[in-house]
Amino acid sequence: MTYVSRLLSSAALAIALAGSAAQAADLTYAISAPVTAVDPHYQNATPNNAALGNIFEALTVIGPDGMVHPSLAKEWRLVDDVTWEFDLVDATFHDGSPFTAADVEFSLLRPATITNSPSSFTIYTRPVKEIQIVDDHKIRVVTNFPYPQFLRDLSRVAVVKKAAVEGAGTPDFNSGKVAIGTGPYKFAGYTPDDQLNMTRFDGYWGDKPAWDNVRIRFITDDGARSAALLSGSVDAIENVPTTDLDRFKSNPDLVFESAKSMRVVFLFVDSGRDQPPTVMGHDGKPLDKNPLKDVRVRQAISYAINREAIRDRLMSGLAYPTWNIVFDGGEGNIPALDSPVFDANKAKALLAEAGYPDGFQITLATPNNRLINDEQVAQGVAQMLTRVGIKTQVDAMPFTMVNTRGNGGEFAFSMMAWGNTADAAGGIRAMIACKNKDKGMGPVNWGNYCNPKLDEVTMKAMSTMDTDARKGLMAEAAQIVHDDMAIVPLYWQGSTWAARKGIDILPRADEQTRPSSFTPKN
């Protein structure tokens, strides 16, 4: 019997996750996108997961370092390649009732019952074949196949109280009726499109949190969010607008922090369809064949983009140029790919070699309210591509619209981002693998890319339990993505936070903003 994790030995990480109770006070902070529901299984979205993770916990947790750590599961071990055994902490729910293995079982099964989820958590629970309750504080989960990514996936699935939630729906969470978790904070109120309120749970099983009461305000407008901090109506904010960076950094009444995030910004390139929309000759007529099917054209697009100029001129330094799809230290990360090359002449030569010496026309779709300066970056990319002969227009729209239209196949070329980059398989299985509903592969493959060899290597990596062998397979998959330019990575997005003087900020690689991101100075 081999142990693969045990209780945290570092008090530093425990404090980072839960904070310190030395100086309790109240905290109000603003986030840049709303929490859409209090039901932790309703929508898999970063704002929801970050906020609700303080009320509801999972078996594992992603720390500020982006790595997996114990949470409600204090220890786990592999009984065999497909059987995980978890020892659970001795915890209570906010109403004083005990947390047990039955609550874990119910919570792992519940996402499949949410029929109206805009973004389902079943991507994380799909590998579960069987759940065996050993006793109140021990549970076994059998997967359909060897699956080393399971521990990271489990960090996404919150545990709710079975006795309260059975028969309840998302409105019951929003009202607070069944919003009962084991986390460091208790539900205290929710107003859609406005705010979520929490209060400290004194019966918390872990280290006591730093704040007595927390109010999370949803302020989507950049200027309004900055103004709220400057006026004192909030204590801290995330996603400082690039136009405010210099004055925030030099303001003696504020503290500022930034970090390279795990979110890679990239371009989807439709290499699958014969005649994708908006790809045409300079005469405005459809081309006989899709130029994006040619790897040389996709490579030309990449070489034509000056990522360092984007970083310096459009992102105020909050971009880290890359060709990688795996974050630093992750399984499949290839350090050499974090030095992408800009070569406009090579781009032109590749286009000519592919049979397009004069280029062609295309439209680049982009969100205009999701990423830092997303529309400006898209315009910059369009200008760079136009210079090498690919005349590019930009179609910018709100994220909800670009998401709907992208899923509907309306784009041949689009700028998006992905945050699940701890290993190569995370992005490949969602965005790059051949579309296969039964296997859950390629659900957001807007580029219609399909390479059976890549799928074969990725699937093998996802089922290889030996760490060194798995890392090698992940790197092989990541190299295939690069060599074939399946997508065109641009940069890792930087994350920023600011707070009033007297508050320390703990940056997180996963971009999540939590109460534990801020601690009162001793």
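Everything below is about the structure shown above.
Presented here is an overview of the structure given in this document. (Residues numbered from 1 in each chain as written. Predicted model: local features only at pLDDT ≥ 70, side-chain atom pairs only at ≥ 80, totals over all residues. Heavy atoms only, no water.)

## A short note on the nonpolar core
If you look at the biggest cluster of nonpolar residues, it comprises 123 residues, and the most contacted ones within it are Phe-86, Leu-267, Ile-301, Ile-305 and Phe-360. Ranked by residues supplied to this core, first place goes to strand E13 (residues 254-269) with nine residues. Residues Ala-158, Phe-173, Ala-236 and Ala-499 belong to the second largest nonpolar core, which totals 33 residues. (Core = buried A, V, L, I, M, F, W, Y, C linked by side-chain atoms within 4.5 Å. Buried < 20%, exposed > 50% of the residue type's maximum accessible area, 1.4 Å probe, protein only. Helix = DSSP H or I, 4+ residues; strand = E, 2+ residues; numbered from the N terminus.)

## A look at the packing of helix H10 (residues 295-303) against helix H12 (residues 344-353)
Remark: H10 packs on H12, axes separated minimally by 8 Å, with the N-to-C direction vectors making an angle of 165°. One finds that H10 runs roughly antiparallel with respect to H12. Pair H10 / H12 crosses with left-handed handedness. Here Arg-296, Val-297, Gln-299, Ala-300 and Tyr-303 of H10 come into contact with H12, specifically with Ala-344, Lys-346, Ala-347, Leu-350, Leu-351 and Glu-353. Here the residues of the contact of H10 with H12 sort into seven nonpolar, one polar and three charged. (Axes fitted to C-alpha atoms, helices over the stretch in contact; angles between N-to-C directions. Parallel < 35°, antiparallel > 145°, perpendicular 65-115°, else oblique. Left-handed = near helix turned anticlockwise from the far one by under 90°. Contact = heavy atoms within 4.5 Å. Nonpolar A, V, L, I, M, F, W, Y, C, P; charged D, E, K, R; others polar.)

## Things to note about the state of the cysteines
Across all of its chains, the model carries one disulfide by this definition. With its sulfur 2.0 Å from that of its partner, Cys-434 forms a disulfide with Cys-450. Sign of the S-S torsion, about 95° for the bond between Cys-434 and Cys-450, identifies this disulfide as right-handed. In this pair, Cys-434 sits in the loop between helix H15 (424-432) and helix H16 (452-462) while Cys-450 sits in the loop between H15 and H16, placing the two residues 16 residues apart along the sequence. Taking the relative accessible area as the measure of exposure, Cys-450 reaches 49% and is therefore partly exposed. (Disulfide = S-S within 2.5 Å.)

## Observations concerning the pattern of salt bridges
Taken as a whole and judged by the stated rule, the model has 26 salt bridges. With its nearest N and O atoms 3.3 Å apart, the salt bridge here joins Arg-429 to Asp-153. Here Arg-429 is found in helix H15, whereas its partner Asp-153 is found in helix H5 (residues 150-154), with 276 residues between them in sequence. Ionic pairing is found between Arg-500 and Asp-235, a salt bridge with its closest N-O pair at 2.9 Å. Here Arg-500 is found in strand E18 (residues 487-500), whereas its partner Asp-235 is found in the loop between helix H8 (222-231) and strand E12 (236-238), with 265 residues between them in sequence. Classification of Arg-500 as partly exposed rests on a relative accessible area of 33%. Take Asp-235: its relative accessible area is 12%, and that puts it in the buried class. (Salt bridge = Lys/Arg side-chain N within 4 Å of Asp/Glu carboxyl O.)

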